[in-house]
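Results of the structural survey
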Amino acid sequence: MAIKQLTVFVQNKKGTVVSVTDILAKNNVNIRALSIAETEDFGILRLIVNDEATAEKVLSEQGYLIKTVDVLGVKIGDEPGKLTAALDVLDKIDINVEYLYAFMARTEKHAYVVLRVEDNQTAGTALEQAGFHLITEADISKL
Amino acid sequence: MSQNYYQKEIETMSVEEMKKLQSEKLVKQVKHVYENVPYYRNLMDEKGVTPDDIKGIEDLHKLPFLTKADLRDAYPYGLLAKPLEDCVRIQSTSGTTGRRVVAFYTQKDVDLWEDCCARAIVAAGGTKKDVCQVAYGYGLFTGGPGLNGGSHKVGCLTLPMSSGNTERQIQFMNDLGATILCCTPSYAAYIGETLKEQGYKPEDIPLKAGIFGAEPWTEEMRNNIQDTLGIKAYDIYGLTETSGPGVAFECSEQTGMHINEDHFLAEIIDPDTGEVLPEGEKGELVFTALDKEAFPLLRYRTRDICVLSRGKCSCGRTLIKMAKPMGRTDDMLIIRGVNVFPSQIETVLLNEGYQPNYQIIVDRANNTDTFEVNVEMSPKQFTDKVSDVLKLEKALANAMKTMLGINPAVHLVAPKSIVRSEGKAVRVIDKRKLI
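This text gives an overview of the structure that appears in the document.

**Thoughts on the overall build of chain B**
Each helix and strand counted, chain B has 11 helices and 20 strands in total. A burial count over chain B gives 47% of its 435 residues as buried. Taking the contacts inside chain B whose residues are at least 6 apart along the sequence as the reference set, 67% of them involve residues at least 24 apart.

Right, here's the structure in full:
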């Protein structure tokens, strides 16, 4: 049900994001979605990629601090109100969203939202019951 | 465990005999210095002391102290006690504090220094069957040359690697089966980390012992190094002013360092009053070189704070022991009026599950000291949530506040982003230059 998100700890300084994306590009890893949470000192880079295992390997080899976490990828119709509807589902069952970010697919007319919650199983089931489609690792490589 | 000694009669001599030996040497040494070092003669004259007043070690307290400031004033030849033509070597401090010390050696001085290092290697279990990898810097720094000489005297196969080029260190270590590693503790930790990253388990590493010194390190760091490298890690103490490493060394008991007191007479004084303190009390360590010919410092104040103790050691040595220095007064920072030793920060980090990779940055803003500590993020603690990382920073700051009494700003930084010098680690950046 969940998909893998790569999380990279980086310094908040010039050039750090580029050096990460550069390593991925050189190893033929495609980035599907990317979000950065930053403070004055550091940033946490969150990535959904087409080949998580390779990305983790090459970044670790370069000395980056990596953690892989499970997140939910939810397919959302590209129309107003759809994201709110999805969040409502979680709100009703008291599931807190730690953070989220959205991305678009190249081919389809769809938006996708990556949701980080504590309990992927409960949240995922509730979303599916409400009619939302959750994407899988296999979907990611096709997007 | 059977014990080996390099110079058994000296290392296991009775206390009475040792004191008698020290007294004889001191009387001679004071005469030698008085006659050959005008700088020190003036200090003695000012104090109204003559060589005739020194009849044994009980009179030591009558002699004037030498400090780092004296060494600077007398640079380069002012404390030299032998003609330059009798000298065969100089060594020098790193000069990182801007106060370079140049020390001179006759051939006999070099020999005695190497004997001291040989005692340390044997106490760490070294024999002529060992392969001793010396990864201290070679050159003006005393670490490389000292342990190199000691290793030769023991008869070890000596690998004069010098510091740096970690890949090559690891290759030689494995290919040639190095059993003893000599370097700074921070470099030992770095080599250990690198081996671990390359997939080596402690039992895959040929080393059995390490002799680490030239910078302060904690028990926690010792445990860390011992676990990663699968060795026993021994402390060694020394300073360029008195010769170099080997002034004191650890034995199998690993509870303090035996001072080579037949060559270096130790005292503990009150750093404020200069008064000699009884054995067992904490104070500043002072050394009198009893045998050095070319650069014989009498009552040299090391600025190291420590404790001396004499008691039965399970290794059989009777040489007095010094505790690991609690920090050099040089290293001590005074931040917002509070004494801070970098070793305290290190203890907190190891207690909280971090590697001791940190940097202290002190500056002044609005007439107040700013106190920041950069710490490398630990893979175990890293999560994908900003709030978690901020909590880790806060927890570290709180632990440091408990230890030090003042509150630092802690910044977690990426692994390996803090520069590790492969010689001495730069732990402190003090930008408060304007007074």
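**Some points on the nonpolar core**
Among the nonpolar cores identified, the biggest contains 95 residues, and Ala120, Ile121, Ile180, Cys182, Leu207 and Ile211 of chain B are the most heavily contacted of them. Of all the elements, helix H5 (residues 107-123) of chain B adds the most residues to this core, at 10 residues. The contact partners of Ile121 of chain B, leaving out residues within four places of it in the chain, are Gly126, Cys132, Gly150, Ser151, Val154, Cys156, Ile180 and Ile211 of chain B. Judged by nonpolar contacts, the second largest core, of 51 residues, contains Leu6 and Ala86 of chain A together with Leu349 and Ala414 of chain B.

**What to know about the packing of helix H9 (residues 219-229) of chain B against helix H10 (residues 342-351) of chain B**
Residue and element names in this part refer to chain B. The contact between H9 and H10 brings their axes to 8 Å, and the two run at 50 degrees. As the angle between them shows, H9 and H10 are arranged oblique. Contact residues: Glu220, Met221 and Asn224 in H9; Glu346, Thr347 and Leu350 in H10. Residues that form the contact of H9 with H10 fall into these classes: 2 nonpolar, 2 polar and 2 charged.

**Let's talk about the interface of chain A and chain B**
With 15 residues of chain A in contact, the opposing surface of chain B contributes 15 residues. Every element with two or more residues in the side of chain A that touches chain B is listed here: strand E1 (3-11), strand E3 (42-49) and strand E4 (65-77) of chain A. When residues in the side of chain A that touches chain B are grouped by element, the largest group, 4 residues, is from E1 of chain A. Taken together, the residues that form the side of chain A that touches chain B break down as 7 nonpolar, 4 polar and 4 charged.

**Points about the sheet that holds strand E20 (residues 428-430) of chain B**
Residues and elements named next belong to chain B. Here we have 4 strands laid out as an open sheet, ordered E19-E18-E17-E20, and mixed in their pairing. Strands with a single pairing partner mark the edges of an open sheet, and in this sheet they are strand E19 (409-413) and E20. Pairs of neighbouring strands in the sheet enclose a mean axial angle of 20 degrees, with direction left out of account. As judged from the 3 bridges shared by strand E17 (residues 358-365) and E20, these two strands associate in the parallel manner. Within E20, the position partnered with Ile360 by the bridge is Val428.

**Some words on the sheet that holds strand E7 (residues 232-239) of chain B**
Residue and element names in this part refer to chain B. With respect to topology, 9 strands assemble into an open sheet ordered E4-E3-E5-E6-E7-E8-E9-E14-E13, the strand pairing being mixed. Of all strands in the sheet, those with a lone pairing partner are strand E4 (157-160) and strand E13 (308-309), marking the two edges. Here strand E8 (residues 244-250) pairs with strand E9 (residues 257-259) via 3 bridges, running antiparallel. Across the sheet, Glu250 pairs through a bridge with Met257, a residue of E9. Running over the sheet, H5 touches strand E3 (131-134), strand E5 (180-183), strand E6 (209-213), E7 and E8 and is turned about 30 degrees from E8.

**Quick notes on the pairing of E1 of chain A**
Residue and element names in this part refer to chain A. With 7 of 9 residues buried, E1 is to be regarded as a mostly interior element. Of the strand pairs in this sheet, E1 and E4 are connected by 7 bridges, and their pairing is antiparallel. For Ile3, the partnering residue across the bridge sits in E4 and is Val71. Relative to E3, E1 runs antiparallel, the two sharing 6 bridges. The partner of Thr7 across the bridge, within E3, is Arg46.

**Some points on the packing of H5 of chain B against helix H6 (residues 143-154) of chain B**
Residues and elements named next belong to chain B. Interhelical geometry of H5 versus H6 gives an angle of 70 degrees and a closest axis separation of 7 Å. Classified by the angle between their axes, H5 and H6 sit roughly perpendicular to one another. Residues Val110, Trp113, Glu114, Asp115, Cys117, Ala118, Ala120, Ile121 and Val122 of H5 lie in contact with H6, whose contacting residues are Gly146, Leu147, Gly149, Gly150, Ser151, Lys153 and Val154. A class-by-class count of the residues in the contact of H5 with H6 yields 9 nonpolar, 4 polar and 3 charged.

**Details of the environment of Val37 of chain B**
Residues and elements named next belong to chain B. For Val37, the location among the structural elements is in the loop between helix H2 (15-36) and helix H3 (38-47). When the C-alpha positions of Val37 and Pro296 are compared, they lie 9.3 Å apart, and in sequence the two are 259 residues distant. Those residues in contact with Val37 that sit more than four places away from it in its chain are Leu79 and Ala81.

The rules behind the values
- Residues numbered from 1 in each chain as written.
- Chains lettered and ligands numbered in written order.
- Predicted model: local features only at pLDDT ≥ 70, side-chain atom pairs only at ≥ 80, totals over all residues.
- Helix = DSSP H or I, 4+ residues; strand = E, 2+ residues; numbered from the N terminus.
- Buried ≥ 20, exposed ≤ 12 C-beta atoms within 10 Å, placed from the backbone.
- Contact = placed C-beta atoms within 7 Å.
- Core = buried A, V, L, I, M, F, W, Y, C linked by C-beta atoms within 7 Å.
- Axes fitted to C-alpha atoms, helices over the stretch in contact; angles between N-to-C directions.
- Parallel < 35°, antiparallel > 145°, perpendicular 65-115°, else oblique.
- Nonpolar A, V, L, I, M, F, W, Y, C, P; charged D, E, K, R; others polar.
- Pairing = 2+ DSSP bridges.

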